[in-house]
Amino acid sequence: MTTRYGRWCLGAAVALVVVSGQVEETESHTPIASRWNYNEHLFPIFRDNCGSCHREGGIAPMSLVNYQSAYPWAQSIREEVLGLRMPPWKAEDGFGDFRNGHALPAHEMDMILEWSSGGYPQGPRGLRPDPVAEPDAWPLGAPDLELDMPEPFTVDAGTNELVRYFVLPTGTTEERFVTGADVMPGAGAIVRDVAIYIDDTGTARALDAEDEGPGFGEAEGRDFPTGAPLALWSPGRRSVRQEDAARRLPAGADIVARVHYKKTWITEYEEFVDQSRVGLYVGDESRRTVDSMLLSAPLPAGGLTLRFSQRIEQELSALAILPEVAIEARDVRVVAVTPDGTRVPLLFLREPDTAWPTRYWFDAPIDLPAGSTIEVDALLHPGADQAPGRSLFGADPAAPIRLVVDYASGTALAD
Ligand code: HEC
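The model shown is predicted, which means the values in this text are computed figures rather than measured ones. (Residues numbered from 1 in each chain as written. Predicted model: local features only at pLDDT ≥ 70, side-chain atom pairs only at ≥ 80, totals over all residues. Heavy atoms only, no water.)

## Points about the domain arrangement of the protein chain
In step 1: Looking at the protein chain, the domain boundaries give domain 1 (2-117), domain 2 (145-286) and domain 3 (289-409).
In step 2: In this assembly, 15 residues from domain 1 lie in contact with 15 residues from domain 2.
In step 3: Here domain 1 meets domain 2 over a buried area of about 1300 Å², counting both sides, of which 59% is carbon and sulfur.
In step 4: On the domain 1 side of the interface with domain 2, the three residues burying the most area are Ile59, Pro61 and Arg99, jointly 47% of the side's total.
In step 5: For the pair domain 1 and domain 2, the interface holds 1 salt bridge.
In step 6: In this structure, glutamate 243 and arginine 99 form a salt bridge, with 3.8 Å as the shortest nitrogen-oxygen distance.
In step 7: Applying the counting criterion to the domain 1 and domain 2 interface returns 3 residue pairs in polar contact (both at pLDDT 80 or more). (Domains from an automatic or database assignment. Contact = heavy atoms within 4.5 Å. Buried area = accessible area lost by both parts, 1.4 Å probe. Salt bridge = Lys/Arg side-chain N within 4 Å of Asp/Glu carboxyl O. Polar contact = N/O pair within 3.5 Å; in protein donor to acceptor, adjacent residues only side chain to side chain.)

## Remarks on the sheet that holds strand S8 (residues 254-262)
Strands in a sheet are paired, the pairing made by backbone hydrogen bonds, and the direction either parallel or antiparallel.
In step 1: Spatially, S3-S8-S5-S6 is the arrangement adopted by the 4 strands of the open sheet, whose pairing is antiparallel. Strands with a single pairing partner mark the edges of an open sheet, and in this sheet they are strand S3 (161-169) and strand S6 (231-233). Shown here is a sheet whose adjacent strand axes are inclined to one another by a mean of 15°, direction ignored.
In step 2: Relative to S6, strand S5 (residues 191-199) runs antiparallel, the two sharing 3 bridges. By the bridge assignment for S6, isoleucine 196 is matched with alanine 231. (Pairing = 2+ DSSP bridges. Helix = DSSP H or I, 4+ residues; strand = E, 2+ residues; numbered from the N terminus. Axes fitted to C-alpha atoms, helices over the stretch in contact; angles between N-to-C directions.)

## As for the pairing of strand S11 (residues 288-297)
In step 1: When strand S7 (residues 245-249) meets S11, the two strands line up parallel, connected through 2 bridges. For alanine 246, the partnering residue across the bridge sits in S11 and is threonine 289.
In step 2: The pairing of S11 with strand S18 (residues 401-409) spans 9 bridges and is classified as antiparallel. Counted as the bridge partner of serine 292 is aspartate 406 from S18.

## Examining the pattern of salt bridges
In step 1: Within this structure, the stated rule accounts for 23 salt bridges.
In step 2: Note that glutamate 146 is salt-bridged to arginine 277, the shortest N-O span being 2.6 Å. In this pair, glutamate 146 sits in strand S1 (residues 145-148) while arginine 277 sits in strand S10 (residues 277-283), placing the two residues 131 residues apart along the sequence.
In step 3: For glutamate 146, a relative accessible area of 42% corresponds to the partly exposed category.
In step 4: For arginine 205, the salt bridge identified is with aspartate 254, shortest N-O distance 2.6 Å. One end of the pair, arginine 205, is in helix H7 (residues 203-210); the other, aspartate 254, is in strand S8, and 49 residues separate them in sequence.
In step 5: On the basis of relative accessible area, arginine 205 is assigned to the partly exposed category, the value being 43%.
In step 6: Given the relative accessible area of 2%, aspartate 254 is considered buried.
In step 7: Ionic contacts of the salt-bridge type, sharing partners, join the residues Asp193, Glu218, Arg258 and Arg390 into one network. (Buried < 20%, exposed > 50% of the residue type's maximum accessible area, 1.4 Å probe, protein only.)

## Focus on the packing of helix H5 (residues 74-82) against helix H6 (residues 106-117)
In step 1: Packing of H5 against H6 brings their axes to within 9 Å, and their N-to-C directions diverge by 150°. In terms of orientation, H5 lies roughly antiparallel with respect to H6. The element H5 and its partner H6 pack so that their crossing is left-handed. Judged by residue contacts, Ala74, Ile77, Arg78, Val81 and Leu82 of H5 engage Met109, Ile112, Leu113, Trp115, Ser116 and Ser117 from H6.
In step 2: For the contact of H5 with H6, a count of residues per class yields 8 nonpolar, 2 polar and 1 charged. (Parallel < 35°, antiparallel > 145°, perpendicular 65-115°, else oblique. Left-handed = near helix turned anticlockwise from the far one by under 90°. Nonpolar A, V, L, I, M, F, W, Y, C, P; charged D, E, K, R; others polar.)

## Remarks on the packing of aromatic side chains
In step 1: Tallied over the full model, the rule gives 20 aromatic pairs.
In step 2: Both rings, one in tyrosine 38 and one in phenylalanine 43, keep their centres 6.2 Å apart while their planes meet at 55°; by these two values the pair is tilted. The burial state of tyrosine 38 is the same as that of phenylalanine 43; both residues are buried.
In step 3: For the pair tyrosine 165 and phenylalanine 216, a centre-to-centre distance of 5.0 Å together with 5° between the ring planes defines the contact as stacked. Here tyrosine 165, found in strand S3, pairs with phenylalanine 216, found in the loop between H7 and S6; they are 51 residues apart in sequence, far enough to count as distant. (Phe/Tyr/Trp six-rings, centres within 6.5 Å; stacked < 30°, edge-to-face > 60°.)

Here it is in structure tokens:
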């Protein structure tokens, strides 16, 4: 909290200088020692790695796709990038391959560091980077089923962070198969992440009916969700649509959207009205069924390592992994070991962060024969604290590290 405020003051101080038109004088104190300038070199890096959040109206506190708003943050950018906190994609490059995001490539990180400590030059003024706007079309193409939140929901000025579940009836009359889902946020400046569930039990409807106002909250004793989300969306992550594997969507099932609203110090006292949309990609049949398995273990009594594994009884193709590291830990490593002893790297989180739930989709399905095991190990911080709060997939909140592995199997489609 204090550091953020401190950085904010720094940003504001530099910005004030700009307003009073003394940019040249200030800059002359920092000799230009960067081979890279904003307009030619840094803008494309910021646009592609940061711009989905750090743009006008995005969920981040400042735009990085405009020189005037980016350069006062040079020092803070340097710290966040070096500390691997930004961009918030936590999977280490070179350990598993993913299709929906990536860490900052090393040479781009070097360019950011050189630019930010080397006087952050703007570059040729004639070169005006294109503005970066909110996407106005579905990136994966028009969905087969488009569902709106039934009513607008107001996040009042006094609320900074909130989780709310909304029930979106599909109205389908036959069993269908979902190959992917995506979200178009309504209030894009505060919709941090959206988890989408399929519910054919009526549980979410009943909770909605009990709770005042649109949707329902995350109250004590409400056991929703109980399983893995169909999709997990946040700005800047590519949503995934699969070719030959799908989840079952029972006839008449509801889609439930768990929307996580969070403001920044810029939007802190504003009121927002959200009515986000969910797009579903559905087919009439599917060769392979997608399902999820849960891995978790209790906290070990003492010791600074946490290790657990799970055996796979049936041949499957691993598609994605959704970790929840609810304890202060580092170097969380997930490896699959096949019966012949081959070790297949799945995921490595050097600095996990609960603030950014992410499902990591493998570049290609990873075939694992029956008898393989998935091994998880992590280093716990001495006296590690566990973050309270419930699991996105209904895991025991007391388990310090839990994850779901999504997989496709060729088993019969009917239950
Ligand atoms: C997925 C959205 C997202 C992406 C992508 C992202 N950021 Fe951020 N960033 C945020 C949010 C939101 C915050 C505000 C702090 C918070 O809520 O965690 C933030 C905070 C920051 C801050 C600190 C601001 C402060 O208030 O102290 C810096 C610096 C920063 N980001 C730089 C970057 C850079 C550089 C990149 C790209 C290399 C990047 N971010 C990519 C969402 C993002």
